[in-house]
Amino acid sequence: STRHCPWKMNQLPPKSAVASPVSESTNSRVEALENLSMDSFWLEVENIKQSAEAEQEECSLADVKTQEEGEAEAEWLQDAGLAELLGDPEVDKDNLVLLSTLTRTQAAAVQRRLDTYSRSRRRRNKHPVRDVRDVFAVGSSQDTAAEKEGSSPDPLWHNLRTSNTQRKTQDYSCTVRNPGKEEVFNMDVAYSEQAAVLLKGSFLSESGKLKDGNALTRFKIPKGRLGVTRIGDLSTQDMKKIPTLALIELTALCDILGFELKRNKAAKLKTTEKRLFGVPLNTLLENDQKLLPNTKVPLLLQALLSCLEKRGLETEGILRVSGSQTRIKSLEQKLERDFYSGLFRWDDVHQNDVSGLLKRFIRELPAPLLTAEYLPAFAAVQNIPDLKQRLQALNLLILILPESNRNTLKALLEFLSKVVAREKNNKMNLWNVSTVMAPNLFMHKGLPNKIPEGKEKQLAEGAADVVRMMIHYQDLLWTVSSFLVAQVRKLNESNSKRYQFCDKRIKNLLRKIHADKDKVEKNQAEPSKIVKVHTSLLLKDSLEVHLNNATRVADVLRQFQKNLCQNGWNIVNTVNLLKCNNSTECTNLLLYEVGGNIGEHCLDPDTYLLDLYHINPHAEWIIKQNPSYPRMF
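Residues numbered from 1 in each chain as written. Predicted model: local features only at pLDDT ≥ 70, side-chain atom pairs only at ≥ 80, totals over all residues. Heavy atoms only, no water.

An unreviewed UniProt entry annotates the protein chain as RHG40 protein originating from Vidua macroura. Per its UniProt entry, the protein chain bears the Function (unreviewed entry) comment "GTPase activator for the Rho-type GTPases by converting them to an inactive GDP-bound state." (UniProt positions renumbered as here; feature names shortened; annotations may be inferred.)

And the structure:
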């Protein structure tokens, strides 16, 4: 049986072209989840509802307003760093260099938004904006005919859409493919390009129905010659470029899969007199950083998670068993008063009350932790038929999140993983934890409360499944795809080259870009190279390293440590950073790539340095201490 949900779990409706297969896929996955209990979900919904009714809380976030035609596209172009295409003369034209980094599917996604925006402006008889044909250099006669038909003139999009329509009767069910078997998760090629190839060839991977709630496919990210980049490995400067690129790529992926990427419009948040609960994340962090600089996760959340890790992981039913609402409200008031003074006594608080405070903290955020803008997209991931493509979409959504939201979400998911790891004692498996946490993440009091009739159960199970994926695959989801890192490099290079956009029609810009990309680069790379590696504060002199095709980052770090030991240098006596003791372990040392076409990049130990040198020959390489290791002096 289903129950009424107090707040909306946003869903992202599929386009009509693929409504049938998506519906079939969703129903198939729902049937496969029949044996997984949703009691914890509905119990949590009731607890949330009772808590809200008892306090008669007002919405802290305004209801989402429906956007006019063209408004969503204009906002998308601005968020994608392409506001110049809207005809705003005040926007820095350097933003247009972003076009030079786009793949074909990404360029097609941009073109479709420009088409829609241009048509909407013309219908309203407003001042004409720059015609999309001036940017993408497409033939006028074909464009005019395509515009009359209300479709995109891009031939790639036409072929993809035709292929989508032809495959309406295909079986899209792909919940879990080969449970327990390891599959490759390719991050070298743009996800949208991968989807285009699969779609063009009408290829569907074999899939299996989900029979065991805990059976999830294992994915392995193959390490290329340049290694793997995690969130946090890139400099702040370069990470600021990632959300823009991820948004364009997510839009391109959704276009090819036949989904419309709708986003809620951000609303102004109401101010609150509280200092902890109901306070925006950025405000919390600003206050916390005054006490503890470089704080990335709210101190209150850190305290709640730490308390539960120390005394609650072994508690049966932790997170599921609700504490006393009266005590939780009283504890919230005490925390508001005593937390920052250090007078709050955590040892006196029952574990179930702490878990109640944790869930309350998440719910009381003025905007959802997954953000009001992208909560519908997170919820709609359940509608993507293929598990690998669902993870691709989730990976891009994680990268789009503001840094404060992303760091807070990661801290929460890491804790939830620890709860699942103690399942034998606390009786909380992955599905139990997911069903309990889904209402707290996907329901928000400030969003509309209309749920399509008869869809409650499907949406609830879908939301729980998304949470389950975020917990189980968080290491994969917090990886920056190699193709995005490559785009950041190209963007940095393009900024330095400063493409000339003087011509009004921007003659054949993208045509030239893709023609250049199609050319086979003649690699005249040197078979070996001698470079100098700086050692930051460890030593005054640089380390001379002979590179060949087999030289990896780990080899350089071992060579550095070996040289120190052979020369009789005891690092503890000199800079107090590392003990040698004739060991080749160098886990507390990292090699960074700095400058050239990257800001700063912490390198994977398996990165092949000669390949990296050829990609970025103007960079410096610097050995630094791992910031996660405490200093020993």
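Caption draft 1: A look at the overall build of the protein chain. Secondary structure assignment for the protein chain yields 26 helices and 9 strands. The 633 residues of the protein chain split such that 54% are buried. Carbon and sulfur atoms make up 48% of the accessible area of the protein chain, which amounts to about 29900 Å² in all. (Helix = DSSP H or I, 4+ residues; strand = E, 2+ residues; numbered from the N terminus. Buried < 20%, exposed > 50% of the residue type's maximum accessible area, 1.4 Å probe, protein only. Areas by Shrake-Rupley, 256 points an atom, 1.4 Å probe, with all protein chains shown as cover.)

Caption draft 2: Local environment of helix α14 (residues 351-364). Compared with the 20 Å implied by 1.5 Å per residue over 14 residues, the 20 Å span of α14 between its first and last C-alpha is a close match. Burial analysis of α14 places 14 of its 14 residues in the buried class, the great majority of the element. (Expected span 1.5 Å × (residues − 1).)

Caption draft 3: A look at the pattern of salt bridges. With the rule as written, the count across this model stands at 23 salt bridges. Put simply, D604 and K223 hold a salt bridge, and the shortest N to O gap is 3.1 Å. Linking D604 in the loop between β8 (598-602) and α26 (609-615) with K223 in the loop between β2 (218-220) and β3 (229-230), this pair joins segments that are 381 residues apart in sequence. When salt bridges that share partners are traced, they join K223, R552, D555, R558, D604 and D606 into one network. (Salt bridge = Lys/Arg side-chain N within 4 Å of Asp/Glu carboxyl O.)

Caption draft 4: Spatial organisation of helix α17 (residues 403-421). Here α17 is 19 residues long and its end C-alpha atoms lie 27 Å apart, about the 27 Å a rise of 1.5 Å per residue gives. With 14 of its 19 residues buried, α17 lies for the most part within the structure.

Caption draft 5: Representation of the packing of aromatic side chains. The tally for this structure, following the rule as stated, stands at 8 aromatic pairs. With a centroid separation of 5.1 Å and an interplanar angle of 80°, the aromatic rings of Y191 and F483 are classed as edge-to-face. In this pair, Y191 is assigned in helix α8 (residues 191-200) and F483 in helix α22 (residues 482-497), connecting sequence segments 292 residues apart. Given the relative accessible area of 0%, Y191 is considered buried. In this structure an aromatic cluster arises from ring pairing among F185, Y191, F219, Y473 and F483. Here the basic side chain of R225 rests over the ring of Y608, its NZ or CZ set 3.8 Å away from the ring centre. (Phe/Tyr/Trp six-rings, centres within 6.5 Å; stacked < 30°, edge-to-face > 60°. Lys NZ or Arg CZ within 6 Å of the ring centre and 35° of its normal.)

Caption draft 6: View of the confidence of the model for the protein chain. When pLDDT is averaged across the protein chain, the result is 75; 65% of the residues are at 70 or more. When pLDDT is averaged over each element of the protein chain, strand β4 (residues 479-480) comes out on top at 97 and helix α25 (residues 571-574) at the bottom at 35. In the predicted structure, residues 519-524 sits below a pLDDT of 50 and forms 0 contacts with residues beyond four places in sequence or in another chain. (pLDDT = per-residue confidence, 0-100. Contact = heavy atoms within 4.5 Å.)

Caption draft 7: Just the packing of helix α16 (residues 387-400) against helix α20 (residues 456-472), in detail. Orientation of α16 relative to α20, taken along the N-to-C sense of each, is 75°, at an axis distance of 11 Å. In terms of their interaxial angle, α16 and α20 are classed as roughly perpendicular. Every residue of α20 that contacts α16 at L387, R390, L391, L394 and I398 is listed here: D465, V466, M469 and M470. (Axes fitted to C-alpha atoms, helices over the stretch in contact; angles between N-to-C directions. Parallel < 35°, antiparallel > 145°, perpendicular 65-115°, else oblique.)

Caption draft 8: How the structure looks around the side chain of S120. With respect to the helices, strands and loops of the structure, S120 is situated in helix α4 (residues 104-123). A distance of 2.7 Å separates a polar side-chain atom of S120 from the backbone oxygen of Y117. (Polar contact = N/O pair within 3.5 Å; in protein donor to acceptor, adjacent residues only side chain to side chain.)

Caption draft 9: Local environment of the nonpolar core. Core analysis: the biggest nonpolar cluster contains 131 residues, and L319, F378, F442 and M470 have the highest contact counts within it. Excluding residues within four positions of it along the chain, L319 makes contact with E44, S355, L358, K359, F415, L416, V419, M428, V433, V436 and M437. Ranked by size, the runner-up nonpolar core spans 19 residues in total, among them L557, L591, L609 and Y613. (Core = buried A, V, L, I, M, F, W, Y, C linked by side-chain atoms within 4.5 Å.)

Caption draft 10: Structural context of the side chain of T607. Inspection of the secondary structure puts T607 in the loop between β8 and α26. Residue T607 is classed as buried on the basis of its relative accessible area, which comes to 1%. Here L226 takes part through its backbone oxygen, which lies 3.2 Å from a polar atom of the side chain of T607. With sequence-adjacent residues up to four places away left out, T607 is seen in contact with R225, L226, G227, T551, R552, V553 and L612.

Caption draft 11: Representation of unusual backbone geometry in the model. In this structure, T371 takes a positive phi of about 70° despite not being glycine. Residue placement: T371 occurs in the loop between α14 and α15 (375-380). Even without a glycine there, the phi angle at K427 is positive, about 60°. Turning to its location among the elements, K427 is positioned in the loop between α18 (423-426) and α19 (430-442).

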